[in-house]
Amino acid sequence: MSLKKCAVTLSAAALAFGLVACGDSGDSGSNGGLITSMGTEPQNPLIPANTNEVGGGNIVDLIYSGLVYYDADGEVHMEMAESIDQENDTTYKVTLKDGITFEDGSPVKSENFVKAWNLAVSDEMLSSYFFEPIKGYEEGKQGGLEGLKVIDDKTFTIELAQPEADFTQRLGYSAFYPLHDSAFDDIKAFGEKPIGNGMYKLDSWNHNADATVVPSEEYKGEREVKNDGIKFVFYPTQDAAYADLLSGNLDVLDAIPDSAFTKYEQELGDRQVNQPSAVFQSFTIPERLEHWDGEEGELRRQALSMAINREQITDTIFEGTRTPATDFTSPVIPGHSDSLNGAEVLKYNPEKAKELWKKADELSKFSGEFTIAYNSDGGHQAWVDAVANSIKNTLGIEAVGKPYPDFKGLRDEVTNREIQGAFRTGWQADYPSLGNFLGPLYGTGGGSNDGDYSNEEFDKLLKEAAAAKDADAAQPKYNEAQEILLKELPAIPLWYSNITGGWSEHVDNVVFSWKSVPVYNEITKN
């Protein structure tokens, strides 16, 4: 085993977070065989149903496992479940596999799923909306969900309030993961030191610096872990992470900064990817703010949308790594349409934008700044500034970006409904369905409905889509629901993101999944 010489120059991020750039690592590369990847500080303790952002989600998805999981192409495979049998239109019987355990060796039982789902609803966790289809959802906020019945340690049933075309497809999402028995004693403390049932277990979490997961010896699912663990490093900016990637101090980066779009392919060669993904970008303006509700708000939202030159921004800022939006979902999702009624509101039309803004001013004169909040650690400044300038130049109002130092700070204000302007939003699919982009974000009471949008007809169409005989039959209803969104614009669609990522010379077998996340367990040190 040989000692590798340390590089003389370290990036600012490496100094700030104490990254060890070298060590007694032999032939396995840096960091003792751990794969280092860029991450962000989780917003909340690591409770699956209360995690709906990427920084926490990437960790949660590694340390927990659900009844099913999604492979790199979005196909569903059994994980903790031996079978999920549909007994009638609304009832499913779940049978767990033999011998499945949490990382401490205790068995994963039916009640670990049922109690976890009930807790998500009773505590109104961020993803509690995902349990709305289960019978007794409303009443479940005071007690257990009527539709969940434990038969024995290996068997439980799920009864829905109505048929749901893609229900079993949803069960790989993190909201449906089980919780260890100890979680129910002190859920917040448990989230700081979770006991999971996934491929990995949490080894350390140094808040605002990094988190490391290592393989779990107790995992008995069919996926194989091919590395010694993943160290998520919380960088202050994507540029700092990219600099470490180039210098070999970071193994995997899942978002190339916009400052590198013109050069990353040349600098990384075949160690990079630019491929379509299930990611949608937007910004949201809460209806509770003055000027942004009712008829006036609808006019202003349409004016803003038509004031944004998406084609120019995606060409000049993103260098072909984004595609202007034609709806609220993603082109990689089955059923996506680029010809919905009302989609013209997403086209740059400065004259129409001015006309609509003037009509809104006749109802109530707008004054002051229009701000778009964003997190500085996410590489968003360039596009926010470009969007603000497009709005300013078209409408003649003062439009500016409003930076927050980190993602958690921004999300805390959004979640607590303290933010006083527009803010960047978007969606990375949980499962491959149009409905996944619509219900959580715009359904009344949706866990990620950050603008508190509510429309009875939209909700009705979502339920009709969910009740379709299968996922294909649901798609027209989902698209009909989108046509309501295109009129009322609870969020302003901007573009679809390609996954642009890269990796160092220290690793091989880097594949990005259908939802833009590296398939971490497959990555190897070379």
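Counting restarts for each chain: residues are numbered from 1 in the order of the written sequence. Given that the model is predicted, a residue must reach a pLDDT of at least 70 before its local features are reported, and side-chain atom pairs must reach 80 or more before they are shown or counted; all residues, however, enter totals for whole chains, interfaces and linings. Note that the side-chain values use all heavy atoms of the structure and ignore hydrogens as well as water.

The name that an unreviewed UniProt entry assigns to the protein chain is Oligopeptide-binding protein OppA, with the source organism given as Corynebacterium urogenitale.

**Section: the overall build of the protein chain**
Applicable threshold: A run of H or I in DSSP becomes a helix once it reaches four residues, and a run of E becomes a strand once it reaches two; helices and strands are each numbered from the N terminus. Radius of gyration: C-alpha atoms only; globule rule: 2.2 Å multiplied by the number of residues to the exponent 0.38. Accessibility here uses a 1.4 Å probe with only protein chains present; expressed as a share of the type maximum, an area under 20% marks a residue as buried, one over 50% as exposed, and anything in between as partly exposed. Contact between two residues is taken to exist if any of their heavy atoms lie within 4.5 Å; hydrogens are not considered. The Shrake-Rupley method, run with a 1.4 Å probe, gives the accessible areas here. Residue values count only the displayed protein chains as cover.
Each helix and strand counted, the protein chain has 15 helices and 19 strands in total. Since a compact globule built from 526 residues should have a radius of gyration of about 24 Å, the 23 Å found for the protein chain is in line with a globular shape. Taken over the C-alpha atoms alone, the protein chain extends approximately 70 × 65 × 35 Å along its principal axes. Scored against the burial criterion, the 526 residues of the protein chain give a buried share of 60%. Contacts spanning at least 24 positions in sequence make up 70% of the contacts within the protein chain whose residues lie at least 6 apart. Looking at the protein chain as shown, the accessible area adds up to about 20700 Å², and 46% of this sits on carbon and sulfur atoms.

**Observations regarding the pairing of strand E15 (residues 398-404)**
Convention followed: Two strands are said to pair when DSSP picks up at least two bridges between them. Handedness of a crossover is defined as follows: with both strands directed away from the viewer, a clockwise route from the first strand across the helix to the second makes it right-handed.
Relative to E15, strand E14 (residues 369-375) is paired through seven bridges, and the arrangement is parallel. In the strand pairing of E15, Phe370 is matched with Ala399. This β-α-β element, E14 to helix H11 (residues 381-395) to E15, shows right-handed connectivity.

**With respect to the nonpolar core**
So the rule is basically this: Residues belong to one nonpolar core when they are buried, are Ala, Val, Leu, Ile, Met, Phe, Trp, Tyr or Cys, and are joined through side-chain atoms within 4.5 Å. Annotation comment: domain bounds sourced from an automatic or database domain assignment.
Leu67, Trp117, Phe283, Phe370 and Ile391 are the most contacted members of the largest nonpolar core, which totals 150 residues. Summarising the domain contributions, this core has at least three residues from each of domain 1 (65-179) and domain 2 (277-498). Counting residues in hydrophobic clusters, the runner-up holds six residues, among them Ala373, Tyr404, Ile419 and Phe423.

**Brief notes about the packing of aromatic side chains**
Let me state the cut-off plainly: Working definition: a ring pair exists when centres of Phe, Tyr or Trp rings (six-membered ring for Trp) sit within 6.5 Å. Plane angles under 30 degrees give stacked, over 60 give edge-to-face, the rest tilted.
Summed over all chains, the structure comprises 26 aromatic pairs. Measuring from ring centre to ring centre gives 5.9 Å for Phe113 and Phe156, while their planes differ by 20°; the resulting arrangement is stacked. Separated by 43 residues along the polypeptide, Phe113 in helix H3 (residues 110-122) and Phe156 in strand E7 (residues 155-159) bring together distant segments of the chain. Both rings, one in Phe328 and one in Tyr442, keep their centres 5.5 Å apart while their planes meet at 80°; by these two values the pair is edge-to-face. Here Tyr442 lies in helix H13 (residues 434-442) and Phe328 lies in the loop between strand E13 (322-324) and helix H10 (350-363), a separation of 114 residues in the sequence. The exposure classification of Phe328 matches that of Tyr442, with both residues buried.

**Re helix H2 (residues 54-63)**
One turn of the α-helix equals 3.6 residues, which is why residues spaced by three or four share an orientation. Operational definition: In protein, a polar contact means a hydrogen-donor-capable atom and an acceptor-capable atom, both N or O and within 3.5 Å, with residues adjacent in sequence counting only if both atoms are side-chain atoms; elsewhere, any N or O pair within 3.5 Å suffices.
With eight of 10 residues buried, H2 is to be regarded as a mostly interior element. By the burial criterion, the buried members of H2 are Gly55, Gly56, Gly57, Asn58, Ile59, Val60, Leu62 and Ile63. On the buried face of H2, the contacting elements are strand E8 (200-206), strand E9 (210-215) and strand E10 (230-234). One side-chain oxygen of the residue at the start of H2 lies 2.9 Å from the amide nitrogen of Gly55, identifying that residue as Glu53.

**A few points about the UniProt feature "domain: Solute-binding protein family" (unreviewed entry) in the protein chain**
Rules: UniProt positions are given in the numbering used here, feature names are shortened, and annotations may be inferred rather than shown by experiment.
Look at the UniProt record and you will see "domain: Solute-binding protein family" (unreviewed entry) annotated at residues 75-448. The straight-line gap between the two end C-alpha atoms of residues 75-448 is 24 Å; of that span, 28% is helix and 22% is strand.

**Examining H13**
Within H13, nine of the nine residues are buried, leaving the element largely enclosed by the surrounding structure. Residues of H13 that are buried: Leu434, Gly435, Asn436, Phe437, Leu438, Gly439, Pro440, Leu441 and Tyr442. Looking at the packing, one finds that the buried side of H13 touches strand E12 (272-284), strand E16 (422-428), helix H14 (456-466), helix H15 (471-488) and strand E17 (491-503). Measuring from the side-chain oxygen of the N-cap residue of H13 to the backbone nitrogen of Gly435 gives 3.1 Å; that N-cap residue is Ser433.

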